[in-house]
Amino acid sequence: MSKRSSQPSRKAAQQKETEPPVRHKQWRLPVLLLFFVAVLVWATYYYGSVFQLSREYSFWVSDTRQLDFILSCSFGILRYVGRALLMTYKYPWLGGLLMAFILTLGTWLVGYCWRLKAKWRALQYLPALAYMGTVTYYGLDIFFEAETGYIMGIPFLVLLVLVIWGIMIRSFSRKKTPSFIKVPSDETHRDNLIQLVVCVLGFAAIVGFNELKRPYVRVITQLALMEQEQDWEGIQALARANAYQSNRPMACMYAIALVHTDQIAERMYDIRLDYDSLYLHGMDKTLNNGSSMYIAEGCYHGGFPESCMHSCMEQMVMQGPTLRLMKLYIKSALMRGEWELCRKFLRILSDVPFEGSFCKKYGAMVGNDSLVDADPEIAKIRLTEPLHDSFEGMYQQPVFMGYNLALVEGRSANALYNSLCVCLYTKLMPSFLERLEPLMGRTPPDIIADGILLTATKNPGLENKFTGLNLRIPRIQGFMQQIQPYMSDRPGHAYELFGKYKGYYPYYYFFGNLKATKKGYTGEVTSNSGVN
Amino acid sequence: MNMKKSLYIIIYSSIILLLAACGKPTAQVPAQFSLLEEKANIYPDYTDIVVPPNIAPLNFIVRDSLADAFVVHLQGKGKELLSSAGKNGTIQMDMAEWKELLAVSIGTEVRVTIYARRGEAWFCYKPHSFMVAEEPVDAFLSYRLIQPSYELYRQLGIYQRNLTNWDVHTIYENNREFDNKSNHCINCHNYRSNSSADMMFHVRANHSGTVIVQNGKAHKVQMKDSTIITAGVYPSWHPTENLIAFSTNKTGQAFHIYHDEKIEVMDESSDLLLYDVTKNEICHILRTPYDLETFPCWAPDGKTLYYCNADISPLLNLELPDSTRSHQLMLRYDSIYYNLMSVTFDPKTRQFGEPQMEVEMAPMHKSISVPRVSPDGRYVLYTLGDYGQFHIWHKSADLWVKDLQTGNCYALNEANSKDAESFHSWSSNGRWMVFASRRMDGNYSRAFLAYFDKNGKAHKAFVIPQEDPEMNILLLKSFNVPELTKDSVTLSTADISKCIYETEAENAKYIPNDATFRHQKPQTDAVTGASPKRK
């Protein structure tokens, strides 16, 4: 047995000696293809919501007359084309695919046009990474009071230049182009590895920066999109999952979701309400608290369609029409029975790519009050519409809070709860007390109950006018004792105590929203010129 | 024939067939059709109107969801015009043919027959008609385009449309690109006696001042004095003297929270001013603490100045500080009523007489604004609403006239709508009036023309024609302060921009006078509020 088997092995050994030595085969990956996949994932799943909301903050139709407001500005064509491309983000996978294609093709063309040798090919990824890095750096600023046409317009323009450049090179040179999908034949393992490292580091830096410095960007955009989709449960889940983040747009979207699920008096304080500053700039380039991201929505869902239309119109004056504003305007106009106005905006919106379903849904309601009232979202909002007319200026701003703060009669229990919750939110306990009468003899919702107990410390016996409060008394007594060491520096201890008292109104009363409390919740001063 | 060639032929034929199916049919009256009982639903409504003989084609859209092609047949006095449309129903008529049709049809009716193709069959709607008036309208219409809101402004401009064709000239546009340091508002454009030779408008905020264009040159002035409430606001050029009457208003806006009218524009105080353009001097015409005088308008002879006036003293608690005035008025905004007043003026001495009541509507809880005297001096056209003075936001606002010969006041029902009409002006021949109305959608005002016949009767109003009639829907801006002129503005946009951006406003010299007095209330008609007939 051993003799027979030893013959072939000897032969093999002899063969090995005669053949030239074979180098160990080293792996090489199709980095460009992987880059495409990574950009696709980034542009669709990771940052897709930001681009998708950017689309909602944009407007595009093929009729150039309607886009004169951008076409007559500098780089008008670029803005126009960029907005058109952004429309694909109605479906993030489609927009992401387009974005990935633009960036990857651009990357490949950079390598081709610059005639990058294999060892320098890692450089070709830098422009695309720089673009993604810039977008991440600007965060919400890419669409907030900004020209949305640049988001995809700039990479498209760069691609166009590169394509023309590439065609010119190709016209004069018949040199073989590097493969787009396969691993280029001139690349060594080392070249390939360098490219991979550059890409991985680039993506890591972009994602890391976003997670560390702009963690709220994706949360806010996702919440805003959920608001449009009326995904109230999704908003709550996302907001609570990011409870430590604190900004006004998030708080407003969360409150809207709670209003629609009748939980405003139960769960409002599950998220931190201290309002950290955002990296956000208005048209005047100064820091902005993002109020125009939520006031129109707040007014609409708060039962003030006219104030919503007012807010929408003010924003349209400054930024031109946007899909978001037009949709809010249509829904508000439906609530107010302004059919012709609805038809007008629906007609305009019908020319926007991929907006057919919205137009179909709300177009069917035009001229049909019963269909409008049957819409679940509108039906809920109707419950808190004002009973009487008055002027916005008579209330603290924003009006959806100011009105509720002054509410003396409402059309439903929802209106009463909203009013009580706004009183608690603004910590105006005398106003809160004045509105409690309809709840006497009943068990109030959790937050209102805690508000009553808190007020009862200065109004002995108040708690006896309600049922079901006794069980809560030990907790508030314990809380009052536990917080004593922290009372000397409430702002300083607010963050650390939030985890312990999350969702508990007395914590908010003493430790939450202190800056806003100090300043008072006042609206921004606006110009009063330009009546028409 | 090879395979490739056949394929090309099939593709090209398919494209041609597809285009033919989507496009317009041939503009010819169908050989066979069935008659329909109803009139066609056309947008804008150009049925049964009186049109000027020099107006641009009244293009329109036929709305019929069952039809996929349309033919329109217009028949005038021995002249015909045929036009067609595809599924979108947009009828865009040939300019030359239209002009010929109107030219031969002056003083007569034009019959409009519309055919619609539903499936394979043609149907004919009940025809409608329009009348071609003998008198032309002034060819040029100036207006401001602005979003129907509110407190902020960005891209707005004053334009001049040639009503006889589709030409639009930009008189001035403010900042296209947003620049906080240059952002400004422009408003209250005005001309002297329907001529663009003398023109003015205001610039507010940055680069502020009143731009006055005369003799082909623009200059900027500032009308400020401690006694002047703000600057000059609503203007009226004197027809013969180089003077402009202004109101000066402290205006504020309030936004309804639950009301069909979105905005209430209120004056907290207002007076009247007289500005001498030649001398660059300004003085008060009326300066009163509790009367709100506004919207001055000269009679064509220049010897009477009409204006609106509201006495707000009954609405104010005078014991409260003056700083609360705005809030007090806001609470009683629907109790502010303006009457139509007049004051005589001697152009030689430049002295004003005592204010006279022309139409007293306050006791009837109605309010007048924007008086405009017809070029023949016989009629005062004004807007009457339930309260206030900024009637373009009041759904109750309708056009009325006072016949100064008979003293009769009456509504121009044929021209009015359920929505707001205001900011009207006359054509130089007095047979046409143009005004802004929100009747199309309740929000975006459009410029409407209405014929005003020799008997003082207004006819059904129609929106000014657009090359693409759908622009009335697609345009997200309002037509504001339409003014008719016989000629076009000759000064270039660049020259006006240069004046605004590169020159400092020259301060007008204030000339103090004794302009503080209250009006006397004469007896008026108990029903119409009109003052006694003049002798």
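Residues numbered from 1 in each chain as written. Chains lettered and ligands numbered in written order. Predicted model: local features only at pLDDT ≥ 70, side-chain atom pairs only at ≥ 80, totals over all residues.

> Can you walk me through the environment of L420 of chain A in this structure?
Residues and elements named next belong to chain A. One can find L420 in helix α22 (residues 413-425). Judged by C-beta crowding, with 27 C-beta atoms within 10 Å, L420 ranks as buried. In the structure, L420 is positioned 13 residues away from L407 in sequence and 9.2 Å away in space, judged by C-alpha atoms. With residues up to four places along the chain from it excluded, the contact list for L420 reads A265, F432, R435 and I448. (Helix = DSSP H or I, 4+ residues; strand = E, 2+ residues; numbered from the N terminus. Buried ≥ 20, exposed ≤ 12 C-beta atoms within 10 Å, placed from the backbone. Contact = placed C-beta atoms within 7 Å.)

> Would you take a moment to explain helix α7 (residues 126-138) of chain A for this structure?
Side chains three or four residues apart in an α-helix point the same way, a direct result of the helix having 3.6 residues per turn. All names here are of chain A. In this model, α7 (13 residues) spans 18 Å end to end at C-alpha, consistent with the 18 Å of a helix rising 1.5 Å per residue. Close packing links the buried residues of α7 with α2 (31-46), α6 (92-113) and α9 (189-213). Backbone geometry just downstream of α7 places G139 in the positive-phi region, at approximately 55 degrees. (Expected span 1.5 Å × (residues − 1).)

> Honestly, helix α8 (residues 149-172) of chain A in this entry has me stumped. Any pointers?
All names here are of chain A. The end-to-end C-alpha distance of α8 is 34 Å, a good match for the 34 Å that 24 residues give at a rise of 1.5 Å each. Along α8, the residues that are buried comprise G149, I151, M152, G153, P155, F156, L159 and L162. On its buried face, α8 is in contact with α3 (48-56), α4 (68-71), α5 (76-86), α6 and α7.

> Which parts of the structure should I look at to understand the domain arrangement of chain B?
Often the size quoted for an interface is simply the accessible area lost on bringing the parts together. Residue and element names in this part refer to chain B. By the assigned domains, chain B splits into domain 1 (24-132) and domain 2 (140-510). The C-alpha centroid of domain 2 is placed 37 Å from the C-alpha centroid of domain 1. Facing 19 residues of domain 1, the contacting portion of domain 2 comprises 17 residues. Residues that form the side of domain 1 that touches domain 2 fall into these classes: 13 nonpolar, four polar and two charged. (Domains from an automatic or database assignment. Nonpolar A, V, L, I, M, F, W, Y, C, P; charged D, E, K, R; others polar.)

> Quick question: what am I supposed to make of the packing of α7 of chain A against α9 of chain A here?
Two packed helices can be described by the angle between their axes and the distance between those axes. Residues and elements named next belong to chain A. Relative orientation of the contacting elements α7 and α9 amounts to 5 degrees, with a least axis distance of 9 Å. When the axes of α7 and α9 are compared, the pair comes out roughly parallel. Each of L129, M132, G133 and T136 in α7 lies in contact with α9, whose residues at this interface are G202, A205, I206, F209 and N210. Here the residues of the contact of α7 with α9 sort into five nonpolar, four polar and no charged. (Axes fitted to C-alpha atoms, helices over the stretch in contact; angles between N-to-C directions. Parallel < 35°, antiparallel > 145°, perpendicular 65-115°, else oblique.)

> Is there a simple way to explain the interface of chain B and chain A in this structure?
Listed by partner, the interface residues are 39 residues for chain B and 41 residues for chain A. At the level of elements, β15 (195-205), β19 (243-255), α4 (471-474) and β35 (478-485) of chain B are the ones that each hand at least two residues to the side of chain B that touches chain A. With five residues, β19 of chain B is the single largest residue contributor to the side of chain B that touches chain A. Tallied by class, residues from the side of chain B that touches chain A come to 19 nonpolar, 13 polar and seven charged.

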